[in-house]
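One letter stands for each residue in the lines below.
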Amino acid sequence: RIEDWNTFLRAKLAKDAVDEESNGYSSSYANKIVYSGLRNHFYDLEGNESLIHSWLLKSMIQYPEILRPSKIVIHVRQGDFSEYNPDLVDACYRTPHRWFKNALRYALLSDKATPRVLLLTDGDHREVSKFIGLSDYDLPPKNLNALQTMFLGSNCETLIASKSTFSMWMRFLGTSRVLWEPQFDLSKYFSATGRDIFIQ
C-alpha cells in the first residue's frame, strides 16, 4: 500500500539523518519499522505488481550466471508443513505427491515436445522427483538466495504451485498460469484470475 511506502521512506530519511550526525553509529530505535503478521496478504499489493517487480529486481543482488527460463516450474513445499491431510486443505499442510504428478501431466498436455522443468523444493530433490515421477529436470544454482529463486521460478509459462506464500510470490512476480490443488481457498490471499487453475 502507498501508506507503507511512505512509512518506509520516512524511516529511511530518519535513519540517514541519524547516521550522518553520529558517523554511522546509531543507538536510536525511533527510525525502525517492525512488521508482524501478513495483514491482508496480497490484497494490499494488488495493482502494484509492476512497481514492486521493478523495485525488487533493481534492489536484489544479481546472480552472475545466465539462467535460462524454464517452461514449467514445480514448487514442492515440504519443510515446516504438516503431513498431507485430506480434511485440511490449508496453507500449512503439504500437497500430496500424486497431485503434483497429475498437475505435471496436465501442464504437458499442450506441448508436443517435452519442455524443460525446473524443480524447486526444500525437501530432498531426488526423493521428491521420484515421488512425483519426474526423471529429467533442472535445479536452481545452489547459492541463490530466496528472492533470486523467486524471480527464477516466476519466469515460466506454467507454475505448479504449493499451498505456500513462496509459490504466491512467484505468481505475483510473474505472469504465468498457475496450477493449484482443488479446494484450496485462494480468496484468503488474493483475488484469483483466469490464470489460476484448479485441477484434480
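Because the structure is predicted, anything quoted here is derived from the model rather than measured.

What counts and what doesn't
Residues numbered from 1 in each chain as written. Predicted model: local features only at pLDDT ≥ 70, side-chain atom pairs only at ≥ 80, totals over all residues. Heavy atoms only, no water. Helix = DSSP H or I, 4+ residues; strand = E, 2+ residues; numbered from the N terminus. Polar contact = N/O pair within 3.5 Å; in protein donor to acceptor, adjacent residues only side chain to side chain. Contact = heavy atoms within 4.5 Å. Core = buried A, V, L, I, M, F, W, Y, C linked by side-chain atoms within 4.5 Å. Buried < 20%, exposed > 50% of the residue type's maximum accessible area, 1.4 Å probe, protein only. Salt bridge = Lys/Arg side-chain N within 4 Å of Asp/Glu carboxyl O.

## Section: the side chain of Ser167
Next up, step 1: One can find Ser167 in helix α6 (residues 165–173).
Next up, step 2: At 2.6 Å, the side chain of Ser167 and the side chain of His75 are in polar contact.
Next up, step 3: Contact partners of Ser167, with chain neighbours within four places excluded, come to His75, Leu159, Ala161 and Ser162.

## Let's talk about the nonpolar core
Next up, step 1: Leu159, Met168, Trp180, Phe184 and Phe190 are the most contacted members of the largest nonpolar core, which has 26 residues in total.
Next up, step 2: The element best represented in this core is α6, accounting for four residues.
Next up, step 3: Sequence-distant contacts of Phe190, that is, excluding residues within four places in its chain, are made with Phe42, Tyr43, Glu46, Met168, Arg171, Trp180 and Asp196.
Next up, step 4: Counting 18 residues, the second largest nonpolar core, distinct from the first, contains Ile74, Val76, Leu104 and Leu179.

## With respect to the pattern of salt bridges
Next up, step 1: Scanning the model with the defined rule gives nine salt bridges in all.
Next up, step 2: The closest approach of N and O atoms between Lys71 and Glu157, which form a salt bridge, is 3.9 Å. Within this pair, whereas Lys71 is found in the loop between α2 (49–59) and β1 (72–76), its partner Glu157 is found in the loop between α5 (146–154) and β3 (158–160), the two being separated by 86 residues in sequence.
Next up, step 3: Here Asp136 ties to Arg116 by a salt bridge, and the two come within 3.0 Å at their closest N and O atoms. Separated by 20 residues along the polypeptide, Asp136 in the loop between α4 (125–131) and α5 and Arg116 in the loop between α3 (97–108) and β2 (117–121) bring together distant segments of the chain.
Next up, step 4: Since its relative accessible area comes to 28%, Arg116 is described here as partly exposed.
Next up, step 5: Here the salt bridges share partners, and the residues they tie into one network are Arg77, Asp80 and Asp122.

The quantities given are spatial measurements derived from coordinates; they are silent on function.
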